[in-house]
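Analysis of the macromolecular model
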Amino acid sequence: MHLGLMAYQLAKDWDVETTAKMCKEGKMESFEFFADPAYKQKITLDMQPAEAKKIRKTFTDSGVHIAGLAITERYDWPNVAQVKEAVAKTKQFVLLAVDLGSPRIRVLGDKLHDSEPKSWTIARVASALTEIVHYSAGLGVDIGFEMHGSFGNWEDALEVVKRVNHPRCYLVHNSQPANTPPEDFDRVFEILRPHLGHVHLHDILDVKYPYKKFVKKLRDSGYEGYCSLELNPSQDPIRVLHLTRALFDEWLIK
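As a starting point, this report considers the structure included with it. (Residues numbered from 1 in each chain as written. Predicted model: local features only at pLDDT ≥ 70, side-chain atom pairs only at ≥ 80, totals over all residues. Heavy atoms only, no water.)

In spatial order, the strands read β1-β2-β3-β4-β5-β6-β7-β8; together these 8 strands close into a barrel with parallel pairing. For this sheet the average axis-to-axis angle between neighbouring strands, irrespective of direction, equals 30°. The pairing of strand β6 (residues 169–173) with strand β7 (residues 196–201) spans 3 bridges and is parallel. Bridge assignment links histidine 173 to a residue of β7, and that residue is valine 199. Against the sheet, helix α7 (residues 211–220) engages β6, β7 and β8 (226–229), with an angle of about 155° to β7. (Pairing = 2+ DSSP bridges. Helix = DSSP H or I, 4+ residues; strand = E, 2+ residues; numbered from the N terminus. Axes fitted to C-alpha atoms, helices over the stretch in contact; angles between N-to-C directions. Contact = heavy atoms within 4.5 Å.)

Applying the stated rule across the entire model yields 19 salt bridges. The salt bridge involving lysine 21 is made with glutamate 25; its shortest N-O contact spans 2.8 Å. Separated by 4 residues within a single helix, lysine 21 and glutamate 25 lie in helix α1 (residues 16–25), roughly one turn from each other. On the accessibility criterion, glutamate 25 (36% relative accessible area) is partly exposed. Overlapping salt bridges, with partners in common, bring together Asp186, Glu190, Lys213 and Lys217 in one network. (Salt bridge = Lys/Arg side-chain N within 4 Å of Asp/Glu carboxyl O. Buried < 20%, exposed > 50% of the residue type's maximum accessible area, 1.4 Å probe, protein only.)

On to the state of the cysteines. For the coordinates displayed, the defined rule picks out 0 disulfides. Take cysteine 169: it sits in no disulfide, and the sulfur closest to it among the cysteines is that of cysteine 227, at 19 Å. Here cysteine 227 falls in the buried class, since its relative accessible area comes to 0%. (Disulfide = S-S within 2.5 Å.)

Below, the structure written as structure tokens:
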């Protein structure tokens, strides 16, 4: 199991070279990019392949793995044209992921709508992801469906990936109570575990979620993937990363 950093939000104002340097100094094994022009890494669809490959080399040279590329495209739109546009853009991001050396793209659902039955929205999202993963898999890129927004509810998120039914489309656990309700944690974790391919952690001292139990359950279940930290900005980011790393490692040992 590997601990890394996600761009959101601690690394928002770091350029690529600074990001790689801070990850290495902070004992982070990986970094997950966030495709948003407001972020100083500037991962956008107009990036040239040579520029993406240069970023890839920067991280390779630093010894920090690229864990993924998070995008904000969503596939719940009742308007079919909007869904098609989102699918087309996601396929472009897949090509960018190839140049970056990113093994996966994180996607969203993201909303359920009062104007239609939930089953319709779930089916539409699953259909879009099915098209995307059949495209991305051939290029060596996985699709991680984050348990986020309306799809933070574990049953709805699970239904989507079950409908897609592809080994390279899986859940990204977002460490929220709706993902694995604390009052029913063990049962839900066992149901979700075969479908978990990536994990997002936040402030692991936050008592709103049983982080210690979650990390230990992942360890004991043989999870060998990445855990990407989404952390708030800090005046002393290296200290935050070091302390989080130390606590995470202690949980893995005991």
